[in-house]
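Results of the structural survey
Spelled out from the first residue to the last, the chains are:
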Amino acid sequence: MTSAMRNEGLRLRTLAARISTDRPEGIVELLELLRECTGQAVHLALRSGNALMYIRKIESDQPFRTASRVGTRIPMHATAVGKAVLAHLPPEEAEEILRAAGMPALTPRTLTDRARLATELNRVRAHGYAVDDEESEPSVRCLGAPVFDRDGVPVGAVSLTGVTFLTTREELERFSPTLLEAARGVERLLRLG
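So, how was this worked out
- Residues numbered from 1 in each chain as written.
- Predicted model: local features only at pLDDT ≥ 70, side-chain atom pairs only at ≥ 80, totals over all residues.
- Heavy atoms only, no water.
- Salt bridge = Lys/Arg side-chain N within 4 Å of Asp/Glu carboxyl O.
- Helix = DSSP H or I, 4+ residues; strand = E, 2+ residues; numbered from the N terminus.
- Buried < 20%, exposed > 50% of the residue type's maximum accessible area, 1.4 Å probe, protein only.
- Pairing = 2+ DSSP bridges.
- Axes fitted to C-alpha atoms, helices over the stretch in contact; angles between N-to-C directions.
- Contact = heavy atoms within 4.5 Å.

Looking at the pattern of salt bridges
A full pass over the atoms with the stated rule returns 13 salt bridges. In this structure, Arg169 and Glu173 form a salt bridge, with 3.0 Å as the shortest nitrogen-oxygen distance. Taken together, the residues span about one helical turn, with Arg169 and Glu173 both in helix H6 (residues 169–173) at a distance of 4 residues. Here Arg169 falls in the partly exposed class, since its relative accessible area comes to 26%. Overlapping salt bridges bring together Arg109, Asp133, Glu134, Arg141, Arg169 and Glu173 as one network.

A word on the sheet that holds strand E3 (residues 73–75)
Read across the sheet, 6 strands follow the order E3-E2-E1-E6-E5-E4 without closing on themselves; strand pairing throughout is antiparallel. Edge positions in the sheet fall to E3 and strand E4 (130–133), since each has one partner strand and no second. Taken over all neighbouring pairs, the strand axes of this sheet differ in orientation by 35° on average, direction set aside. Note: strand E1 (residues 41–48) against strand E2 (residues 51–58), 7 bridges, orientation antiparallel. The residue bridging Ser48 from the neighbouring strand is Ala51, located in E2. Against the sheet, helix H7 (residues 176–192) contacts E1, strand E5 (140–148) and strand E6 (154–163), and its axis sits at roughly 40° relative to E5.

So, the environment of Phe175
Along the chain, Phe175 turns up in the loop between H6 and H7. Sequence-wise, Phe175 and Leu143 are 32 residues apart; in three dimensions their C-alpha atoms are separated by 8.6 Å. Setting aside anything within four residues of it in sequence, one finds Phe175 in contact with Cys37, Thr38, Gln40, Leu143 and Leu160.

What follows is the structure, given as structure tokens:
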């Protein structure tokens, strides 16, 4: 394990610990407010090497649940949170992640072609948020917005998650301004800590 990997691991554990404590400087409250405003499940994921890790999940009030769990490592190419991060990394770093992690198909809708993913990442940069439309889990649709550190490096992302038979893509994307505002709020709170 390299020194850079140890430092990144320590930084992830420190951020996750701050967010997981009983008084996480308002981050959990902000995520709960996002859930209340949208009715969708909310996730906060932080970068962990070539993947992301869910460190907080707030369920929706809907009777249906997704398979995601806190502590799960998730690939970047097939998730809204991952694409939100990939789109804002330097191109050579994003390429290194994709080369190391690969782009396996998790569902029939997963983007496994680099050119199609590059087009999607351009769209993410233009809109500020990413969409996962049954790419990581069947019948699940997500909207993800990046969270940046003080230096403008994406360290994770916040997402809204709904099931496809209750929430259309258009309905979910209508929440993008609220999601982007929440992601900026998480950034501000992380920078205070």
